[in-house]
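Descriptive analysis of the structure
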Amino acid sequence: MARQQVLVARAVFPEVVERLRAHFDVDDNPQDSIFTKAELIGRLQGKAGAFTTGSERIDAEVLAACPQLRVVANMAVGYNNFDIPACNAAGVLATNTPDVLTETTADFGFALMMAAARRMAESEHFLRRGEWNRWSFDMFTGSDIHGATLAILGMGRIGQAIARRGALGFGMKVIYHNRSRLAAEQEAAVGARWVDKATLLAEADHLVLVLPYSAASHHAIGAAELALMKPGATLTNVARGGIVDDAALARALRERRIAAAALDVFEGEPQVHPDLLTVPNVVLTPHIASATVATRRAMADLAADNLIAALTGGVAPTPINAAELATRRA
Ligand code: GLV
């Protein structure tokens, strides 16, 4: 029987590509080109599976043009690049990589929040520009993390891991807002209390965003929400671009309506809103919250595990829409 074909849409660890080659004919992309939609459709012809990252959009048009596709395995926990209702309609299993990146991403979110609060990037740029010529009592004074109020919007696995760091490691008061409330014992375990969104914004010393991107969370933080925050507050986004209205945030930062921000994700990335590049009180990183060698390898292995299991008669370990597909088949 002819071997099944899969596409590995971006460059990834060669060992992981080799694992896939043990099971499939693999068309890979070691040059790491970013495919246009037409190129993606072209490369997916004849493929039963695709190993994707956030840069490949799998929508109804792609699915209609690739009727032989059965599995799309994202090397990311977020999957807003997948149109899940379209995958359901096409009978395509979608998978992601939860859990393996939780602690690493929480570490980075916490680091970004601290960098914003203590003005690390801004003061480093000052030093590199050669402007440091004396000590002064108020040079780059920021705000404390310990004992402050950590406000988390979204309370999935990463939100809970950040809450634990704040409550247990830094003695922070932790509040959160999420559509679904944690059970009382989960709240106690992470030391967090549910509040409504307006209270979250008003009480935050440090607001951290860890909610998935969807039409419902588009610009969840815009001018109106920023106006509710304290002037000394910071905002950190390790979730997805588009959750924050970047233009409104740049304005609020420039006018010091909030003290500082730290952003790892941007609307339209890798483009960054030009106003964010010129405000001093924002830390900017290029979508690297999960980027440790060990975690990126674990994510790639999990995406490969999903692809292999789903295409060889096994059970994909971390499916997104298995239940919906089963219901449709029943
Ligand atoms: C990264 O952004 C991810 O969703 O894993």
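Everything numeric here is computed off the predicted structure, so don't read it as measured data.

1. With respect to the overall build of the protein
A tally of helices and strands in the protein yields 14 helices and 12 strands. The C-alpha radius of gyration of the protein comes to 22 Å, within 12% of the 20 Å expected for a compact globule of 330 residues. Based on the C-alpha atoms only, the size of the protein along its principal axes is roughly 75 × 50 × 35 Å. Of all 330 residues assigned to the protein, the portion counted as buried reaches 50%. Contacts in the protein between residues at least 24 apart in sequence constitute 62% of all its contacts with a sequence separation of at least 6. Accessible area of the protein: about 15,300 Å², with a carbon and sulfur share of 56%. Taking the average place of the 32 positive charges on the side chains of the protein and the average place of its 35 negative ones, the gap between the two points comes to 1 Å.

2. Points about the packing of aromatic side chains
Throughout the structure, instances matching the rule amount to 2 aromatic pairs. Relative to Phe140, the ring of Phe126 lies with its centre 5.0 Å away and its plane at 70°, an arrangement referred to as edge-to-face. Within this pair, whereas Phe126 is found in helix H6 (residues 120–128), its partner Phe140 is found in the loop between H6 and strand E6 (149–153), the two being separated by 14 residues in sequence. Looking at Phe126, the relative accessible area reads 16%, which means it is buried.

3. As for the layout of surface pockets
In this model, the second largest pocket occupies a volume close to 270 Å³. Around the second largest pocket, the lining comprises 15 residues; the ones closest to its centre are Leu93, Ala310, Ala322, Leu325 and Arg329.

4. Topic: the sheet that holds strand E2 (residues 25–27)
Spatially, E2-E1-E3-E4-E5 is the arrangement adopted by the 5 strands of the open sheet, whose pairing is parallel. Lying at the two open borders of the sheet, with one neighbouring strand each, are E2 and strand E5 (93–95). For this sheet, the mean angle separating the axes of adjacent strands, direction not counted, is 15°.

5. Notes on the site of the ligand
Contacts to the ligand come from Ala76, Val77, Gly78, Leu101, Arg240, His287 and Met299. Within the contact set of the ligand, an oxygen atom lies 2.8 Å away from a backbone nitrogen or oxygen of Val77. Between the ligand and Gly78 there is a distance of 2.7 Å, counted from an oxygen atom to a backbone nitrogen or oxygen. Broken down by class, the residue content of the shell around the ligand amounts to 4 nonpolar, 2 polar and 1 charged.

6. Section: the nonpolar core
One finds Leu20, Phe51, Leu150, Ile152 and Ile162 to be the most contacted residues of the largest nonpolar core, which totals 57 residues. The residue makeup of this core includes at least three contributed by each of domain 1 (5–98 + 293–329) and domain 2 (102–284). Beyond its immediate stretch of four places on either side in the chain, Leu150 contacts Phe110, Met113, Ile162, Ala163, Gly166, Met172, Lys173, Val174, Ile175, His206 and Val208. Counting residues in hydrophobic clusters, the runner-up holds 31 residues, among them Leu235, Leu249, Leu253 and Leu263.

7. Things to note about the pattern of salt bridges
What the rule picks out here adds up to 24 salt bridges. Its salt-bridge partner being Arg3, residue Asp25 comes within 3.2 Å of it at the nearest N-O pair. Of this pair, Asp25 sits in strand E2 while Arg3 sits in the segment before strand E1 (5–8), and the two are 22 residues apart along the sequence. When its relative accessible area of 39% is taken as the criterion, Arg3 is described as partly exposed. Its salt-bridge partner being Asp305, residue Arg19 comes within 2.6 Å of it at the nearest N-O pair. Here Arg19 is found in helix H1 (residues 14–21), whereas its partner Asp305 is found in helix H13 (residues 293–311), with 286 residues between them in sequence. One salt-bridge network, held together by shared partners, links Arg19, Arg297, Asp301 and Asp305.

8. Comments concerning empty space enclosed by the protein
A complete count under the given rule lists 1 cavity of 30 Å³ or more for this structure. In this structure, the largest cavity encloses a volume near 40 Å³. Every residue along the wall of the largest cavity is listed here: Ala115, Ala116, Arg119, Ala121, Glu122, Ala260, Ala261, Pro280, Asn281, Val282 and Val283. Mapped onto the lining of the largest cavity, the elements with two or more residues apiece are helix H5 (102–117), H6, strand E11 (260–263) and strand E12 (282–284). Of the residues in the lining of the largest cavity, the class split is 8 nonpolar, 1 polar and 2 charged.

Thresholds, definitions, all that
Residues numbered from 1 in each chain as written. Predicted model: local features only at pLDDT ≥ 70, side-chain atom pairs only at ≥ 80, totals over all residues. Heavy atoms only, no water. Helix = DSSP H or I, 4+ residues; strand = E, 2+ residues; numbered from the N terminus. Rg over C-alpha atoms; globule rule 2.2 N^0.38 Å. Buried < 20%, exposed > 50% of the residue type's maximum accessible area, 1.4 Å probe, protein only. Contact = heavy atoms within 4.5 Å. Areas by Shrake-Rupley, 256 points an atom, 1.4 Å probe, with all protein chains shown as cover. Lys, Arg positive; Asp, Glu negative; His and termini not counted. Charge placed at Lys NZ, Arg CZ, Asp CG, Glu CD. Phe/Tyr/Trp six-rings, centres within 6.5 Å; stacked < 30°, edge-to-face > 60°. 1 Å grid on protein atoms, 1.4 Å probe; cavity = no way out; pocket = protein on both sides within 12 Å on 5 of 7 lines; lining within 4 Å. Points joined across faces, edges and corners; volume = space filled by probe spheres on them. Pairing = 2+ DSSP bridges. Axes fitted to C-alpha atoms, helices over the stretch in contact; angles between N-to-C directions. Near = heavy atom within 4 Å. Polar contact = N/O pair within 3.5 Å; in protein donor to acceptor, adjacent residues only side chain to side chain. Nonpolar A, V, L, I, M, F, W, Y, C, P; charged D, E, K, R; others polar. Core = buried A, V, L, I, M, F, W, Y, C linked by side-chain atoms within 4.5 Å. Domains from an automatic or database assignment. Salt bridge = Lys/Arg side-chain N within 4 Å of Asp/Glu carboxyl O.

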